Amino acid sequence: MPSTAAVIKALKQPLAFECREIPEPGPGEVLIRVAACGVCHSDLHAADGDWDPPPNVPIVPGHEVTGHVLRLGTGVNHLSVGDPVGVAWMGGACGRCAACLSGMETICPSGEATGYTRDGGYATHLVARADFVLPLPKGADLVALAPILCAGVTTYRALKRAGAKAGDFVGVIGVGGLGHVAIQYAKAMGYRAVAVDLAPEKLELALRLGAEAAVHAGPDAVARVMDETGGGLHAALVTATAPAAFEQALDMTRPGGTTVFVGLPGGAGDRIGVSIASLANWERSIRGSNVGTRADLAEAMGFALRGLVHCTTETMPFSAANEALERLRQGTVTGRLVLTMEE
Ligand code: ZN
Ligand code: ZN
């Protein structure tokens, strides 16, 4: 049986479904029969060429991939055929540079990105670097866990980089695919989550998931957050992509607070205004956070496997990949869409 892949053949065009030869794993790689692949905003940015540099096409998007090992490349001896595994955005790193050696493989200049620089999981089959594949327990729910591979690890690492301590108020700005998971990690890590979003149904979801307060992102949002937290957030995670959300988040933090930038608007939305005095005089910080290392991924998955974090998922068949991207573009998705390959 051949392989089917949904391919970005040209930017800003619908994905093209192609029948391909089943790819062969090279040395140090594994061939995976894909079971499920979450649909992330980054897939849309890849398809639209919003980021600099855009992906080299043709490329298969998708970086929240789960499936089973089908074949081992030479030199792979820590995985077995039939093992359930996950594949994330972090598709490779050199392992030798200063960034890699200091535990920051997320910024390795030779890093490889699944679904952006190497083919991803919008396909029935996927070849991945074995060292970057996350082993999953036998019988794991491969649909429910798929979004942990990006939405989960990305928000988990961002929370770690926020440097908050148990009992601190942590704002989650934007309750989409990432934000609704971030709220659960925040709670599980002992923080008091405060959700900010424009959509009433997303604020309701945030409260159901354990947020202590849910604030409408209107003109009085900063004042409301100050009120709810007795003086501001200790840390804020911006998973929204509107530039105004980043500016508002900075104003929501208390002196000494940290704002972690996670969402990626791309294009013209990539610049914001910041008060220098509000950072310098009040020792506020801005940090960036980019997906996560393999260690972050294993930890983030651990929370999900222990039942502390559940991604709200809605499945769509792989054949509906273009419809899924369109729904994401329209902003009509609550939680995460997951494409299922095995019917
Ligand atoms: Zn993603
Ligand atoms: Zn490196």
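Residues numbered from 1 in each chain as written. Chains lettered and ligands numbered in written order. Predicted model: local features only at pLDDT ≥ 70, side-chain atom pairs only at ≥ 80, totals over all residues. Heavy atoms only, no water.

*Asks:* Account for the packing of aromatic side chains, naming residues and giving values.
*Replies:* The final tally for this structure, using the stated rule, is eight aromatic pairs. Their ring planes at 45° and their centres at 5.5 Å tell us that Tyr 156 and Tyr 185 sit as a pair that is tilted. Residue Tyr 156 is located in helix α4 (residues 151-162), and its partner Tyr 185 is located in helix α5 (residues 179-188); the two are separated by 29 residues in the primary sequence. Overall, Tyr 156 belongs to the buried group, its relative accessible area being 6%. With a centroid separation of 4.8 Å and an interplanar angle of 80°, the aromatic rings of Phe 246 and Phe 261 are classed as edge-to-face. (Phe/Tyr/Trp six-rings, centres within 6.5 Å; stacked < 30°, edge-to-face > 60°. Helix = DSSP H or I, 4+ residues; strand = E, 2+ residues; numbered from the N terminus. Buried < 20%, exposed > 50% of the residue type's maximum accessible area, 1.4 Å probe, protein only.)

*Asks:* Give a detailed account of helix α11 (residues 321-330), specifying residues and quantitative values.
*Replies:* For α11, the complete set of buried residues consists of Ala 321, Ala 324, Leu 325 and Leu 328. The arc enclosing the buried residues of α11, seen along the axis, measures out at 95°, which places them on a common side. At its buried positions, α11 is contacted by β2 (16-20), α1 (41-48), β16 (313-317) and β17 (336-340). Immediately downstream of α11, the backbone of Gly 331 shows phi near 75°, a positive value. (Arc of directions from axis to C-beta. Contact = heavy atoms within 4.5 Å.)

*Asks:* Give a detailed account of the coordination of the zinc ion (ligand 1), specifying residues and quantitative values.
*Replies:* When four donors bind a metal tetrahedrally, each ideal donor-metal-donor angle is 109.5 degrees, and when six bind octahedrally, the ideal angles are 90 or 180 degrees. For the zinc ion (ligand 1), the full set of protein donor atoms is Cys 40 (SG), His 63 (NE2) and Cys 150 (SG), and the range of their distances to it is 2.0 to 2.2 Å. In the primary sequence, the donor residues of the zinc ion (ligand 1) line up as C-x22-H-x86-C. With His 63 in the loop between α1 and β4 (65-72) and Cys 150 in the loop between α3 (142-145) and α4, the pair connects residues that are 87 residues apart, well separated along the chain. Look at His 63 and you get buried, because its relative accessible area is 1%. (Donors = N, O, S within 2.8 Å, 3.2 Å for Na, K, Ca; no water.)

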